[in-house]
Every structure is written in C-alpha cells, then in structure tokens.
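Structural overview
Here is how the chains run, residue by residue.
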Protein chains: 2
Amino acid sequence: MRGEFDFIESIRRQVARSEKSKGVSLGIGDDAAVFNSKNLDLVITTDLLVEEIDFRLDWTTPRFLGHRALAVSLSDIAAMGARPRYALLSIGVPQKVWKTKFVDEFYKGFFRLAREHHVALIGGDTSRTPDRVVIDSIVIGEAKRKRVVRRSGAKAGDLIFVTGALGGAAAGLGLLRSRAKTKKTKRNSRTTDREKLLRRHLLPAPRVVWGRLLGEKTLATAMIDLSDGLSSDLAHLCRASRVGARIDSSVIPIDSSLNEARATELDALDSALHGGEDYELLFTVRPRKRNLIPLDLGGVPATLIGEITSSKNIEIVSNGRARELKPEGFQHFRRA
Amino acid sequence: MRGEFDFIESIRRQVARSEKSKGVSLGIGDDAAVFNSKNLDLVITTDLLVEEIDFRLDWTTPRFLGHRALAVSLSDIAAMGARPRYALLSIGVPQKVWKTKFVDEFYKGFFRLAREHHVALIGGDTSRTPDRVVIDSIVIGEAKRKRVVRRSGAKAGDLIFVTGALGGAAAGLGLLRSRAKTKKTKRNSRTTDREKLLRRHLLPAPRVVWGRLLGEKTLATAMIDLSDGLSSDLAHLCRASRVGARIDSSVIPIDSSLNEARATELDALDSALHGGEDYELLFTVRPRKRNLIPLDLGGVPATLIGEITSSKNIEIVSNGRARELKPEGFQHFRRA
C-alpha cells in the first residue's frame, strides 16, 4: 500500500514544475514553505470544505472537487483585488478512499486550475480521517501596496456592478438535489442547459482576471465575492461600508440556462438574488470611473445593477416600486 | 441559537487586541487577511488535526486542544529558524458540539499560547461537520533573508543537537491509552510524574525561542522538529541533506518523568528514540560554532547527541557497539 511519504513525493514531482515562478524558495518537503514578496501586500484566505456539508461524493467527481477547492479560495483573493500566487492544501481522507484513485484525480482537478492561474502549490498537510473527506484550501495573493480592495470602501453614490450572470450555481445544486446524475457533467461533452447549471455549481470559475484588474487599476472602492448569494453578500458589503444600496431587479443578470431549466421568471430572479456559490464579484465604483470599467473581460461581462445610498437599507426596485431586499442566503449551522 | 456571524464577531473582538502588531493591515472580516513583510522571507505551514485520528475529545479538553492546534504549527515555524507572526484557523464542528462551550474554550487555549508568542490570528474559516471536529492550523513566520534553516543543510562532521528531553509525549499517550483520565491534567494542579507525561502529550511546548535564535544567528545548518520521533525525523533530515548520522544512546536526553512512570530503562530509551510528538528541535551545527550554542534557553537545554557522517546510514552507539537505527516513528495511514 502506498504510504504518505510516497504520496508526498509524487505530489512534489508534480509541484516542481509549478514552483518555478519567482518568489518561492522552498516548496513541499520541509517543515514549512518559504516565499517572499518584495514590497507587496499579501493577502491570505482559507476555506474549509467538509464532505456531506459542502459537497457530496456521489454528486461530484474527485477532479471537480479538486477544482472547486482551489476555485473558492481564488475567488476570495480576486475579491481583494489581488493576484493569486501560492496555494497550500490540507486534505484528510478515510482509508477506504485513500485506496482508490480519489487523491490523484483530486489533484488533477486542482493542478489544472492552478496552472490556468499560475498559482504554485507550496505546501500542505495530509491526514487520515475516520470516514469522511475534509479539505482546507489556502491561497496567498499579492497586491501592490495599498491596492487591496476591502468590503468597507463603498460610499453613497458609488455604482454597484456584478460580473457574469447569477443564479446558475443554486439552480445546479437544485438539480443535483432532485437526483440529477453527475455523470452527465463530464468535460468536453456537449452541454445542455441542465448540464451548464450543474457545471456552474460543480466547477465554479473564479473571476481572477476581473479581480486583479479592479485592484491594480484602483477601479473598485469595495468588493466581495458572491458565495452566500447577492442579497446576503450585498448586505455584508453595505454593513462593512456603513452604507445602504438600491438595486434594479430588471437589470440583474440572470444565468441564461435558468430560463430553459426552470419553470418561472420569478424562480429565476429568486435564484439570482438569493442563490449562493456563483462566485461572481460584486463591486462598487465611483461614478467618474464608470467608463473605465470594461463591458467584458475574457468573455465575462460586468453589469451595472444599482447604486450605494446613504441610508442603512438595501432596496430592490421592481416595476418602479422599491421594497426591502432581505438577505436570504445561507449561513453555516443554519442549513439542514 | 448562535449563528456563525455572531461567533465570528466575538472572535473578531478578541482578535482586535492581538492584531495591533505591525504588519497586519486587515484581519478577520473580509474575504482574506492582508499582511506584509517588508524585505523578509516568509514561511508558512499548515497542520490538519482530525478527531479520532489526531486527538480524542474524551482524552483532552477543548482548551488543551486549542493550545495543541497552534503549538504543532508554531513548532514547524521554529524548525525553520523563523519567528512566528500570524495564524489562521479553519475549524469544523458538529452541531451538537457547537451548542456547547467547546469553541469558546478551544479559542481560550489557542489565544493563551498565541499571546505568549506574540502571534496574531488574522483569518480562518468555520464550517459545520456531520459528526467530528476537524481543525486546520496555519501559521506564517518571518525570517531575515536567507536565514531560513532547511532540513537539507547538514554536512559530514556537523554536530547533532536536540532540545529538551524526549519520550514524554509518547509515554503520556500510552497512559491515556491505558485509560488515564484527562481530568487529572488540569493546569495549576500539583503535578506528579504521570501528570507531567500527560501534559507532554496534551500541551506540547513549541521551541519558538530556540528556533528563532538558531535561525537569526545562523547557528544551525539543518533543523527539523520532532513530530514523528527521533529515529524518523533524523532519517528525514539525513535524507534531505544526503548524509548519514551516528548518535550515542548514552547521551539521549530522556524525559525524567519516564523513570518513575515506566518500568524499564529500555522502554524509556525506546520512547525517546521512536516516540512521536515531543515537538523538540533536532538541529545540526558546524563544529567551529559548537561553543555558540547555549546550554539552556529559558529553562530548555540543548544536548549534543552525535554527529553527521558521510555514509548513508544512521547508527546508534550503545556500550561501544554501533547498530543501525531504523525509523520506527509513525506514518499517517499506517496507524491503527
């Protein structure tokens, strides 16, 4: 049977290539990893993914899971306006799963996304677990001094933008819940709308290029990634900035696959407003910088959905009438 | 019921004090933490602790566990010759444990040790788990450029030192296995030898001061912390440095409490050679720097136990006879 040392050795070989980026002076295989950052600000995030809570092995594939573990942390780094550089991965796997191809496949998914964004895996830990898979994904990013974008910088009058389209991930999760099979979501297969929605949930695309642009060019005054859902994450941003917001329901970008796969327009808007895990970026911009925001970056649009107000309320306007938008995204420990 | 946001808010308040150290510009409460390091090298380590594998809740207390989670990562940073500065903590807790004082007590243990070493908690993640506690502890340290001590710098002729005394943690674990009660290990109670051994296992003291000195003064050529046990960790160091070693069994520092609590001298030596989780530092020194190694630092001695050789073997000398010292520490996935 393969022991931990053999496994770490095999990962080390895979890692060697990705470590050639400047700044890493020591990767996997010592007590800790070493890196440096010249005169940059560093940002670090950690995301814990627990089997049965954050994912189910019968709803995803190990490769998708490896992608997802990295993607959620890349999204956090993007939401800081920083450039992701280094990753560490702690993974706990039960004996019966360890004996399968799970870990190899998991790392394939992880490394594929890491290569795409030039992120080097520099460390991590492995452990056995009694019966469930657990993953902690850690990503470090860099930003020029004082270019980091916080949640707290929005001011009344700032314009509110969101990247991409919303509601797809929640709809994909809904499909999985109604016993859709993950087999249908293989990469490179011809995708139907249902499959597109499954992928939105299983293979989130972190908005790394958008995040970096918004930070480097000091375009965004505040930013957050949409993990809990637009209504919740907008509330987080407003609370941190001590402002309110007004958004227009008619311009919320709704995932186009939702129209096909779901019954009503109302359901689709509901997914877009409250559905979690789209991993799009929500950001605010001073009005004078509005024209500096590109319409599209690498195929991903940004849509103006409203503006920051000096009230403490978050409102949504539909057919000319404003109503309060209450956060309905999930919190851990309240689910299930 | 307390939700995640309330909990994070309460942690944030506790953290505010510890964040006043220079270098942290944003702590808990955004998508990621921000820090910077001027012109230093940074080291980062992550340690995954899984209930039933790495700890048992009926053998320890939440406070001890909080201490331990940070201690094992501080030990890794010390083993790099670096100074620990920042910590992140991902913690997954089942619903039934979340309702208890567990998390508060856990953080008390964590913060007590963090304060002792001036380490600031700058981020983390929380999740629910189906039924077991899982913790990922991440610590970042700093070292002056090129002062980091790796495992790979030992050369033939270097002297081998170890801090503190060995075998106590393994003996403590042995006592727990034979149904000793953790109630007996309350802090400030008068300690017997049995209780000292339990503490060696449950409340490891990372050798932060030693590690930093050995790095800053460029005294150590290679270093590792003793987590798997002397025989295994010496083998790791020798393999990384492509050297051999010869150590003298008569000078191995054995935990004094072992004499009282265990039957035979042979058992005690066995614990010291192969028992894991002492979290002492094993390091190598050029002979000309031997006199620069203090005998004692804050009550923790360092003992010369042997020397690095140009062979590929690791030998132990007892009563004038050399025999091969085989690694007998544990590997994950081979235990239990």
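None of these values were measured; they are calculated from a predicted model.

What counts and how
- Residues numbered from 1 in each chain as written.
- Chains lettered and ligands numbered in written order.
- Predicted model: local features only at pLDDT ≥ 70, side-chain atom pairs only at ≥ 80, totals over all residues.
- Helix = DSSP H or I, 4+ residues; strand = E, 2+ residues; numbered from the N terminus.
- Contact = placed C-beta atoms within 7 Å.
- Least-squares fit on C-alpha atoms with pLDDT ≥ 70 in both.
- Domains from an automatic or database assignment.
- Nonpolar A, V, L, I, M, F, W, Y, C, P; charged D, E, K, R; others polar.
- pLDDT = per-residue confidence, 0-100.
- Buried ≥ 20, exposed ≤ 12 C-beta atoms within 10 Å, placed from the backbone.
- Pairing = 2+ DSSP bridges.

1. Describing the environment of Ile316 of chain B
Residues and elements named next belong to chain B. Counting through the fold element by element, Ile316 comes out in strand E13 (residues 314-318). Along the sequence, Ile316 and Ile138 sit 178 residues apart, while their C-alpha atoms lie 35 Å from each other. Dropping the residues within four chain positions of it, Ile316 is found in contact with Ile247, Ser249, Arg323 and Leu325.

2. Focus on the relation of the copies chain B and chain A
Of the two same-sequence chains, chain B is brought onto chain A (RMSD 0.0 Å, axial shift 0.0 Å) by a rotation of 180 degrees. One copy is carried onto the other by what is essentially a two-fold rotation axis. In this assembly, 100% of the residues forming the interface of chain B have copies in chain A that are likewise at the interface, indicating an isologous arrangement.

3. Remarks on the domain arrangement of chain A
Residue and element names in this part refer to chain A. Structurally, chain A comprises domain 1 (4-143) and domain 2 (159-324). With 21 residues of domain 1 in contact, the opposing surface of domain 2 contributes 19 residues. Taken together, the elements giving at least two residues each to the side of domain 1 that touches domain 2 come down to helix H2 (62-78) and strand E4 (83-94). If you tally residues by element for the side of domain 1 that touches domain 2, the top one is H2, at 10 residues. Grouping the amino acids of the side of domain 1 that touches domain 2 by side-chain chemistry returns 12 nonpolar, six polar and three charged.

4. Let's talk about the confidence of the model for chain A
Residues and elements named next belong to chain A. When pLDDT is averaged across chain A, the result is 87; 83% of the residues are at 70 or more. Note on residues 17-22: pLDDT under 50 across the span, and 10 contacts to partners over four residues away in sequence or across chains. This stretch, residues 184-190, has a pLDDT under 50; its non-local contacts, to residues over four places away or in other chains, come to six contacts.

5. Examining helix H7 (residues 208-216) of chain A
The α-helix winds at 3.6 residues per turn, so residues separated by three or four positions along the chain end up facing the same way. Listing the buried residues of H7 of chain A in full gives Val208, Trp210, Gly211, Arg212, Leu214 and Gly215 of chain A. Thr218 of chain A, located one to two residues past H7 of chain A, shows a positive phi value of around 45 degrees.

6. Describing the interface of chain B and chain A
If you look at the interface, chain B gives 56 residues, while chain A gives 56 residues. Broken down by element, the residue count for the side of chain B that touches chain A peaks at nine residues, all from strand E3 (residues 41-50) of chain B. Looking at the side of chain B that touches chain A, its residues break down into 24 nonpolar, 16 polar and 16 charged. As paired strands, strand E3 (residues 41-50) of chain A and strand E2 (residues 33-35) of chain B are joined by three bridges and run antiparallel to one another. Residue Leu42 of chain A lies in a different strand from E2 of chain B, and its bridge partner there is Phe35 of chain B.

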